[in-house]
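Read off the chains here:
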Amino acid sequence: MTKKGKVCEEKKCMICNKPFDYRNDMFGRGCLNNLYKQLDISVPKYTLNKEKHLINAVSHKNSKYFLNKEKKKALLKNAIALSYLNLIKLDFTEKLKKELVDNIRNISVFKPLVASMEPVYLLNSFYKVYNYYVKFDKELSEAKSELKKSTKIEDIDETKDKTILNGFSFIFNSSKELSPLHHMAFYDMQYIFWETVVVGGYLFDKPLSGYLLRLSLNNKEEYDEENPLIIEDEYYNKLLFGYDEFKRIINKYLKGKEVNVENQNVEFLEGDLLFAIHGAKLNIKGNKKENGNWDLTVEIVDKYDYTDPKEPKEYTTSFGSKSKNILASTLNNFAAVSSSYGVIRPFNYVIKVKNNDYKVKD
Ligand SMILES: [Zn+2]
């Protein structure tokens with residue numbers, strides 16, 4: 001109700017979507033004031049209608065004159081959407097920015113205004129996505145400085161893990177009600193999360209896990225069961241034969257003079273191998289040499305796949321302490337969401353390692 005007692009149609013601010021009871025058409029008072037700053041338009045000292053002033057000022061700023069009211073409003077919407085995208089430093093904005101610039105160029109006194117000249121998403125979506133970006137950016141710099149302090153994954157304590165990871169949980173939203181704009185923004189944020197917080201942070205002392213995760217982020221090839229990625233290099237050779245967990249598993253098969261096992265289920269329970277490999281198959285071929293050592297070829301055949309979220313309890317026995325349980329299970333759940341976004345892409349791979357003088361130690 002207005003003061004005069006006339007029933008007023010409820011208006012909602014196009015930016016924040018909150019209802020406002022004011023004579024403006026498009027924006028509430030608070031948002032209108034912010035827009036002046038955001039669009040770099042100086043606030044007029046004497047004007048009765050600040051909204052109208054903004055609409056006109058943006059047209060003038062773009063050197064568009066004699067536009068009708070509808071065209072001016074469409075121009076303003078494009079300018080606002082563009083100003084939000086300019087503040088969001090994510091890849092997805094590039095294509096959209098071009099579209100908005102084209103819209104601004106196309107709106108003219110000579111051409112009829114058509115729907116395609118308006119921003120393809122609601123201003124409220126641009127506003128929300130921008131606010132998520134600000135939150136993400138803050139979480140990211142906090143996580144980076146927290147992770148930098150620790151030199152080993154084991155040094156990061158449970159409460160800190162929880163705080164760091166919970167801070168990012170909003171980007172792992174797979175609700176179907178999300179606007180495409182949110183989806184694109186969360187996609188980019190998840191990518192940065194895995195690259196920076198996980199590969200460059202939590203997994204910095206877990207080279208195999210970091211390597212496989214990064215491959216899944218950049219993977220454009222279709223590595224399937226028939227055509228897996230073959231990982232066969234000296235670095236991973238040395239790395240695997242340096243892991244007690246790896247040796248513990250293969251030693252179980254080294255009996256007699258020869259070993260020839262294929263397709264054995266293998267679960268690693270510790271460290272890098274636990275994070276990297278899930279439910280793989282193991283092939284071992286080799287023979288015992290005269291000096292008592294083994295000449296071995298080992299293959300780990302796996303699919304890098306996080307499409308099924310794992311229950312936390314599956315990790316309880318895997319790590320000594322609860323904290324690593326939280327880390328592993330939370331990251332697994334995040335990874336399941338990222339798989340549905342297509343940020344993490346499943347791929348098949350085979351790690352082939354060799355050792356021609358492997359000594360079994362008791
Ligand atoms: Zn508002």
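Here the structure is a predicted model, which means the values were calculated and not measured.

1. Observations concerning the overall build of the protein
- Of the regular secondary structure elements, the protein holds 13 helices and 7 strands.
- Considering the protein as a whole, with its 362 residues, one finds that 30% of them fall into the buried category.
- In the protein, 61% of the contacts between residues at least 6 apart in sequence involve partners at least 24 apart.

2. Thoughts on the sheet that holds strand β4 (residues 258-266)
- The strand order across the open sheet built from 5 strands is β3-β7-β6-β5-β4, with neighbouring strands paired in mixed fashion. The open sheet has two free edges, formed respectively by β3 (229-231) and β4, since each of these has just one partner strand. Put simply, the sheet's adjacent strands are angled 15° from each other on average, direction ignored.
- Bridge count between β4 and strand β5 (residues 280-288): 7 bridges; the pairing is antiparallel. Within β5, the residue paired with Asn260 across the bridge is Lys285.
- Where helix α9 (residues 234-241) meets the sheet, it contacts β3 and β7 (347-358), and its direction lies at approximately 70° from that of β7.

3. Notes on unusual backbone geometry
- Non-glycine residue Ser63 carries a positive phi angle of around 55°.
- Within the element layout of this structure, Ser63 appears in the loop between α2 (50-61) and α3 (69-87).
- Phi at Phe66 takes a positive value of approximately 60°, unusual for a residue other than glycine.

4. Some details on the nonpolar core
- Grouped together as the largest cluster of nonpolar side chains are 80 residues, with contacts concentrated most on Phe27, Ala81, Tyr84, Phe126 and Val198.
- With 10 residues, the single largest contributor to this core is helix α7 (residues 180-202).
- Once residues within four sequence positions are removed from consideration, Tyr84 is found in contact with Phe126, Tyr127 and Tyr130.

5. Thoughts on the environment of Phe334
- By the secondary structure assignment, Phe334 is in helix α13 (residues 322-341).
- Residue class for Phe334 comes out buried when judged on the 24 C-beta atoms lying within 10 Å of it.
- Taking the C-alpha atoms as reference, Phe334 lies 6.1 Å from Phe172; in sequence the two are 162 residues apart.

6. Structural notes on the packing of α7 against helix α8 (residues 207-218)
- The contact between α7 and α8 brings their axes to 11 Å, and the two run at 170°. As the angle between them shows, α7 and α8 are arranged roughly antiparallel. Each of Tyr191, Trp194, Glu195, Val198 and Val199 in α7 lies in contact with α8, whose residues at this interface are Gly210, Leu213, Arg214 and Leu217.
- Counted by class, the contact of α7 with α8 contains 6 nonpolar, 1 polar and 2 charged residues.

7. Points about the packing of α3 against helix α5 (residues 123-149)
- The contact between α3 and α5 brings their axes to 10 Å, and the two run at 15°. Classified by the interaxial angle, the pair formed by α3 and α5 is roughly parallel. Crossing geometry of α3 relative to α5 is assigned as left-handed. For the pair α3 and α5, contact is made by Lys77, Ile80, Ala81, Tyr84 and Leu87 and by Leu123, Phe126, Tyr127 and Tyr130, respectively.
- Its residues assigned to classes, the contact of α3 with α5 shows 8 nonpolar, no polar and 1 charged.

8. Here's the deal with the environment of Ile164
- Looking at the secondary structure, you find Ile164 in helix α6 (residues 158-168).
- The exposure class of Ile164 is buried, given the 21 C-beta atoms found within 10 Å.
- On a C-alpha basis, the gap between Ile164 and Val197 in space is 9.3 Å, while along the polypeptide they are 33 residues apart.
- Beyond its immediate stretch of four places on either side in the chain, Ile164 contacts Ala143 and Glu146.

9. Overview of α2
- Compared with the 16 Å implied by 1.5 Å per residue over 12 residues, the 16 Å span of α2 between its first and last C-alpha is a close match.
- For α2, the elements touching its buried residues are α1 (29-38) and α3.
- Looking one or two residues past α2, Ser63 carries a phi angle of roughly 55°, positive in sign.

10. Quick word on the confidence of the model for the protein
- For the protein, per-residue confidence averages 89 on the pLDDT scale, and 90% of positions sit at 70 or higher.
- Here helix α12 (residues 313-316) stands out as the element of the protein with the lowest mean pLDDT, 45, in contrast to helix α4 (residues 93-106), whose mean of 98 is the highest.
- Every residue in residues 1-5 is under pLDDT 50, and counting partners more than four places away or in other chains gives 3 contacts.
- Scored below 50 in pLDDT, residues 312-323 makes 15 contacts in the model with residues more than four places away or belonging to other chains.

11. Comments concerning the environment of Ala74
- Turning to its location among the elements, Ala74 is positioned in helix α3.
- Measuring from C-alpha to C-alpha, the distance between Ala74 and Met117 comes to 7.3 Å, with 43 residues separating the pair along the chain.
- Every residue in contact with Ala74, bar those within four places of it in the chain, is listed here: Ile107, Leu113, Met117 and Glu118.

12. Observations concerning the pairing of strand β6 (residues 294-304)
- Residues Trp294, Leu296, Val298, Ile300, Asp302 and Tyr304 of β6 are buried on one face, while the alternating residues Asp295, Thr297, Glu299, Val301 and Lys303, pointing to the opposite face, are not.
- Here β5 pairs with β6 via 8 bridges, running antiparallel. Bridge pairing in β6 places Gly286 opposite Leu296.
- The hairpin formed by β5 and β6 contains 5 residues between the paired strands, and Gly292 there has a positive phi angle of roughly 90°.

What counts, and where the lines are drawn
Residues numbered from 1 in each chain as written. Predicted model: local features only at pLDDT ≥ 70, side-chain atom pairs only at ≥ 80, totals over all residues. Helix = DSSP H or I, 4+ residues; strand = E, 2+ residues; numbered from the N terminus. Buried ≥ 20, exposed ≤ 12 C-beta atoms within 10 Å, placed from the backbone. Contact = placed C-beta atoms within 7 Å. Pairing = 2+ DSSP bridges. Axes fitted to C-alpha atoms, helices over the stretch in contact; angles between N-to-C directions. Core = buried A, V, L, I, M, F, W, Y, C linked by C-beta atoms within 7 Å. Parallel < 35°, antiparallel > 145°, perpendicular 65-115°, else oblique. Nonpolar A, V, L, I, M, F, W, Y, C, P; charged D, E, K, R; others polar. Left-handed = near helix turned anticlockwise from the far one by under 90°. Expected span 1.5 Å × (residues − 1). pLDDT = per-residue confidence, 0-100.

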